[in-house]
Amino acid sequence: MAKLGCTVQSPQQLSDAVELAHKMNRNKNQTPDPTEKLLPSEGQRKDLAYAHRPRPPESSRRRRAEPRPAPVAFLPAALRGAGTLLPRMLGPRGWGRGGTAARSVPSLSALSQVLRLEQNRRTGVLFPLQKLARFVAPGVDTAPFRLFQPGLAALQRAEGLFRSDRGHTIDYVSSAVRMDHAPPPDLPEVCFIGRSNVGKSSLIRALFSLSPEVEVRVSKTPGHTKKMNFFRVGKYFTLVDMPGYGYRAPKDFVEMVEAYLQERNTLKRTFLLVDGVVGLQKTDHIGIEMLEEFGIPYVMVLTKIDRASRGVLLKNVLEIQDYVKEKAHGCFPQLFLVSSLEFSGVHLLRCFVAHITGNLPTVEAS
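Residues numbered from 1 in each chain as written. Predicted model: local features only at pLDDT ≥ 70, side-chain atom pairs only at ≥ 80, totals over all residues. Heavy atoms only, no water.

## Considering the nonpolar core
Membership of the largest hydrophobic core comes to 46 residues, with the highest contact counts inside it found for Phe192, Phe208, Leu239, Phe271, Val301, Phe336 and Leu349. Looking at which element gives the most residues to this core, the answer is helix H12 (residues 346-356), with 8 residues. When near neighbours in sequence (up to four residues on either side) are disregarded, Leu239 contacts Val190, Phe192, Ile204, Leu207, Phe208, Asn229, Phe230 and Phe231. Among the nonpolar cores identified, the runner-up in size contains 44 residues, and Ala133, Cys191, Leu291 and Leu314 belong to it. (Core = buried A, V, L, I, M, F, W, Y, C linked by side-chain atoms within 4.5 Å. Buried < 20%, exposed > 50% of the residue type's maximum accessible area, 1.4 Å probe, protein only. Helix = DSSP H or I, 4+ residues; strand = E, 2+ residues; numbered from the N terminus. Contact = heavy atoms within 4.5 Å.)

Next comes the structure, spelled out in structure tokens:
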């Protein structure tokens, strides 16, 4: 007991002393682990795992924390008309028919989103040709720039036609390479035609962007559209996507298009698309001559205006306007400028389509 350096006073103390001596003998030749004190307990390991979990980027955390903007309950004073109310189309919806998820709706495809912009940009989106008229040299006739200038009520009505719901469906009907394959002509019709790679299918997709369940195939390869594609807009009208002419045009393009233009008695207007960056080309003149020969009323639309500088765009607009004034007889005097990416001019074009198909009887008064 002297070796233990203690005096035994009771049997319990003797038992404890012996146990301590056994432990000391077992550990005498073992080297202590210097990291043992650093190892966390089970509870500490859980805390460390939570603290070092992957975290989203700072920008993502900010987006989650930011509240959603409140719905607009009023219209800008510049566009507020007497007795006009903002309809149920506040905010774009990203759902297809029946509540199923569909392609998302771009922000500026809805009129309510455009009305939130500041005035200068709002004018550029709704009336791009009117905004361009500010930079025309003195003495140039700008009257054709403002022939079709509908009010807010007409724009809202037209947007409602291009937005599908339970009582108003917008569907791809069929494709055809011959007239006997085309659907029956029971509604007013408009068709879109232009040279390959002019952005025709992209523009039609932009027009139908408020109905994302409507599939309009768009390809980066010129000449992708090989057939006449028919889209039925409720009980109001049919829109036809025609094959492109020029590069990679279908071999039977002439027979297909000429037969359609001459035999389709419900055709109200043909929209001839021209690239806004390069202006009129030789192939475009061929299309114009064909429409003039058949006496088909048509409208000229300048696409891709977001890719053209202001000077190039103004030059092409004035050249086409002079050409229409001197050589065209069946062309509507006003050009329509559009961008399928920024939705400039898309709202106005929707309104014009609704008007010429007889679905906006009061647009001229507005």
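## Examining the packing of aromatic side chains
As enumerated under the stated definition, the model contains 12 aromatic pairs in all. On the numbers, 6.2 Å between centres and 90 degrees between planes, the contact of Phe271 with Phe352 is edge-to-face. Here Phe271, found in strand E5 (residues 267-275), pairs with Phe352, found in helix H12; they are 81 residues apart in sequence, far enough to count as distant. Here the two residues Phe271 and Phe352 agree in accessibility, since each one is buried. Measuring from centroid to centroid gives 6.3 Å for Phe332 and Phe336, while their planes differ by 25 degrees, and the two rings are stacked. Just above the ring of Phe135 sits the side chain of Arg310; from NZ or CZ to the centre is 3.8 Å. (Phe/Tyr/Trp six-rings, centres within 6.5 Å; stacked < 30°, edge-to-face > 60°. Lys NZ or Arg CZ within 6 Å of the ring centre and 35° of its normal.)

## A short note on unusual backbone geometry
At Lys304, a residue that is not glycine, the phi angle is positive and equals roughly 55 degrees. For Lys304, the location among the structural elements is in the loop between strand E6 (298-303) and helix H11 (310-327). On the accessibility criterion, Lys304 (14% relative accessible area) is buried. Phi at Phe343 takes a positive value of approximately 65 degrees, unusual for a residue other than glycine. Inspection of the secondary structure puts Phe343 in the loop between strand E7 (336-337) and H12. On the basis of relative accessible area, Phe343 is assigned to the buried category, the value being 5%.

## Re the pairing of E6
Consecutive residues of a regular strand have side chains that alternate between opposite faces of the sheet. Counted residue by residue, E6 has 6 buried out of 6 residues, so it is predominantly covered. Alternating residues of E6 divide into Tyr298, Met300 and Leu302 and Val299, Val301 and Thr303, and every residue in both groups is buried. Here E5 runs beside E6; their pairing, made up of 6 bridges, is parallel. What sits directly across from Leu272, in E6, is Met300. Following the backbone out of E5, through helix H10 (residues 282-294) and into the adjacent parallel E6, one traces a crossover that is right-handed. As paired strands, E6 and E7 are joined by 2 bridges and run parallel to one another. Across the sheet, Leu302 pairs through a bridge with Leu337, a residue of E7. Viewed along the sheet, the connection from E6 through H11 into E7 turns out right-handed. (Pairing = 2+ DSSP bridges. Right-handed = clockwise from strand over helix to strand, strands pointing away.)

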